[in-house]
Amino acid sequence: MNQFALLTAMAAAVGMTMRRISSLRKTGREQAAGRLYRRASLMLGLGAWAALVVQEGVLAYSGLMNWRTALPLHLCSVMGLLTLPMLLARSPFLWHSALLLGLPGGLAALIFPAMLTTSAPFVTALGFHWLHATLAVAPLMPFALGRRPSRACVWHAWTLLIALGCLCLVANHLTGGNYLFLSVPVAGTPLEALAQGGLRAYRLSLMALAGVLLIAQGFVCRRIWRYS
């Protein structure tokens, strides 16, 4: 399936919904805007959860369900789990993390898809692309409510990423897995260039690259939306 067609369609739907929410707010219909926001949030968040369930189901069907592959510890899996609470709880920590980690992570996964080979390739691709397209568009929804990132956005995203990285290091050690791609870079992606100096250098390079990207994204947030 064409992941970019799916992304375009989902972005168009979210964009129209955001425009409607903004229109309702401008005319003083805050309650109607809130109801529409919650309905859209439920669709996006439950859709992300459904995509994760599909992915787990395909692993089980293909006999690939094990501790090395099935734990939802990759960045996009974690952000998929957090999409619904991020949208409904309106937590700055969750929103900043989704904006600076989930959105670029979802786009990167669509450009460089890294899917396991299963006995149901179409269903695998559908779940994978649906999840990552959702991650790319869901963090934009709060802007329709007039929210803006704060100066703490980079630190919030960095804190979540470091905590997840530590958890994945333990999980990889115990299971022999490659969660968060901390053990082996994904073949055919730019991450391979970081692994030339060995595993320790690779991990340090990943940390440094993540820090640089987060700082750059924080700068973009400040320039485009201004901090709240």
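Relevant structure appears above.
Caption draft 1: Structural context of the layout of surface pockets. Here the second largest pocket is characterised by a volume of approximately 220 Å³. In this structure, the second largest pocket is lined by Met-10, Ala-13, Val-14, Thr-17, Ala-40, Met-43, Leu-44, Gly-47, Ala-48, Trp-130, Thr-134 and Met-141. Those elements giving two or more residues to the lining of the second largest pocket turn out to be α1 (3-26), α2 (30-61) and α5 (121-137). Per-element tally for the lining of the second largest pocket: the top contributor is α2, with 5 residues. Grouping the constituent residues of the lining of the second largest pocket by class yields 9 nonpolar, 3 polar and no charged.

Caption draft 2: Structural view of the packing of helix α3 (residues 75-89) against helix α4 (residues 92-111). Two elements in contact, α3 and α4, have axes whose closest approach is 10 Å; the angle formed by their N-to-C orientations is 135°. By the criterion of interaxial angle, the relationship of α3 to α4 is oblique. Our pair here, α3 against α4, has a crossing hand that is left-handed. Counting all contacts with α3, which are made through Leu-75, Cys-76, Met-79, Leu-82, Pro-85 and Met-86, the residues of α4 involved are Leu-94, Trp-95, Ser-97, Ala-98, Leu-101, Gly-102, Gly-105 and Gly-106. Partitioned by chemical class, the residues of the contact of α3 with α4 number 10 nonpolar, 4 polar and no charged.

Caption draft 3: Examining the environment of Ala-13 more closely. Mapped onto the elements of the fold, Ala-13 is located in helix α1. Here Ala-13 falls in the partly exposed class, since its relative accessible area comes to 38%.

Caption draft 4: Representation of the packing of aromatic side chains in the model. Evaluated as defined, the whole model comprises 1 aromatic pair. Each ring, one from Trp-95 and one from Phe-143, has its centre 5.2 Å from the other, and the planes form 70°; the classification is edge-to-face. Here Phe-143 lies in the loop between α5 and α6 (153-175) and Trp-95 lies in helix α4, a separation of 48 residues in the sequence. Phe-143 matches Trp-95 in its accessibility class, with the two residues each being buried.

Caption draft 5: Inspection of the nonpolar core at higher detail. Ranked by size, the top nonpolar core spans 57 residues in total, and within it Ile-21, Leu-100 and Met-141 carry the most contacts. Where this core is concerned, the elements lending two or more residues are α1, α2, α3, α4, α5, α6 and α7 (199-224). In this view, Ile-21 contacts Ala-33, Leu-36, Tyr-37, Met-141, Ala-144 and Leu-145; residues no more than four positions away in its chain are not counted.

Caption draft 6: Inspection of the pattern of salt bridges at higher detail. A full pass over the atoms with the stated rule returns 1 salt bridge. In this structure, Arg-25 and Glu-30 form a salt bridge, with 3.6 Å as the shortest nitrogen-oxygen distance. Residue Arg-25 is classed as partly exposed on the basis of its relative accessible area, which comes to 28%. Overall, Glu-30 belongs to the partly exposed group, its relative accessible area being 43%.

Caption draft 7: Examining the side chain of Ser-77 more closely. Structurally, Ser-77 can be placed in helix α3. With residues up to four places along the chain from it excluded, the contact list for Ser-77 reads Leu-52 and Pro-72.

Caption draft 8: Representation of α6 in the model. Counted at 1.5 Å a residue, the expected span for α6 with its 23 residues is 33 Å, and the 32 Å between its end C-alpha atoms agrees. Gly-176 sits one or two positions beyond α6 and adopts a positive phi of about 75°.

Caption draft 9: Quick peek at empty space enclosed by the protein. According to the stated counting rule, one finds 1 cavity of 30 Å³ or more in the structure shown. Approximately 50 Å³ is the volume found for the largest cavity. As for the largest cavity, its lining consists of Met-79, Leu-82, Thr-83, Met-86, Leu-94, Ala-98, Gly-102, Leu-103, Leu-135, Ala-138 and Pro-139. Listing elements by their share of the lining of the largest cavity, those giving two or more residues are α3 and α4.

Thresholds applied
Position numbers for residues start from 1 in each chain and track the written sequence from start to end. Reporting in this predicted model follows two pLDDT cut-offs: at least 70 for local features of residues, and 80 or more for side-chain atom pairs to be given and counted; totals over whole chains, interfaces and linings ignore these cut-offs and use all residues. Neither water nor hydrogens contribute to the side-chain values; these are computed over all heavy atoms in the structure. Whether a set of points on the 1 Å grid over the protein atoms alone is a cavity depends on a 1.4 Å probe fitting there but being unable to get out, while an open set qualifies as a pocket with protein on both sides within 12 Å along at least five of seven lines; lining residues are those with an atom within 4 Å of a point. Grid points are joined across faces, edges and corners, and a volume is the space filled by probe spheres set on the points. Each helix corresponds to a stretch of at least 4 residues labelled H or I by DSSP, and each strand to a stretch of at least 2 residues labelled E; elements are numbered beginning at the N terminus. Nonpolar residues are Ala, Val, Leu, Ile, Met, Phe, Trp, Tyr, Cys and Pro. Charged residues are Asp, Glu, Lys and Arg, and all others, Gly as well, are polar. Here the axes come from fitting lines to C-alpha atoms, over the contacting stretch only for helices, and the angles between their N-to-C directions go from 0 to 180 degrees. Roughly parallel refers to an angle under 35 degrees, roughly antiparallel to one over 145, roughly perpendicular to one between 65 and 115, and oblique to any angle outside these ranges. In this scheme the crossing of two helices becomes right-handed for a clockwise turn of the near helix relative to the far one and left-handed for an anticlockwise turn of less than a right angle. In what follows, residue pairs with any heavy atoms lying within 4.5 Å of each other are defined as contacts. Only protein chains enter the area calculation, which uses a 1.4 Å probe; residues under 20% of their type maximum are buried, those over 50% are exposed, and those in between are partly exposed. Aromatic rings from Phe, Tyr and Trp, with only the six-membered ring used for Trp, were paired whenever their centres fell within 6.5 Å, and each pair was classed as stacked if the ring planes differed by under 30 degrees, edge-to-face if by over 60, and tilted otherwise. The criterion is simple. A nonpolar core is a set of buried Ala, Val, Leu, Ile, Met, Phe, Trp, Tyr and Cys residues joined through side-chain atoms within 4.5 Å. We count a salt bridge whenever a side-chain nitrogen from Lys or Arg sits within 4 Å of a carboxyl oxygen from Asp or Glu. Between the first and last residue of a helix there are one fewer steps than residues, each counted as 1.5 Å, and that sum is the expected span.

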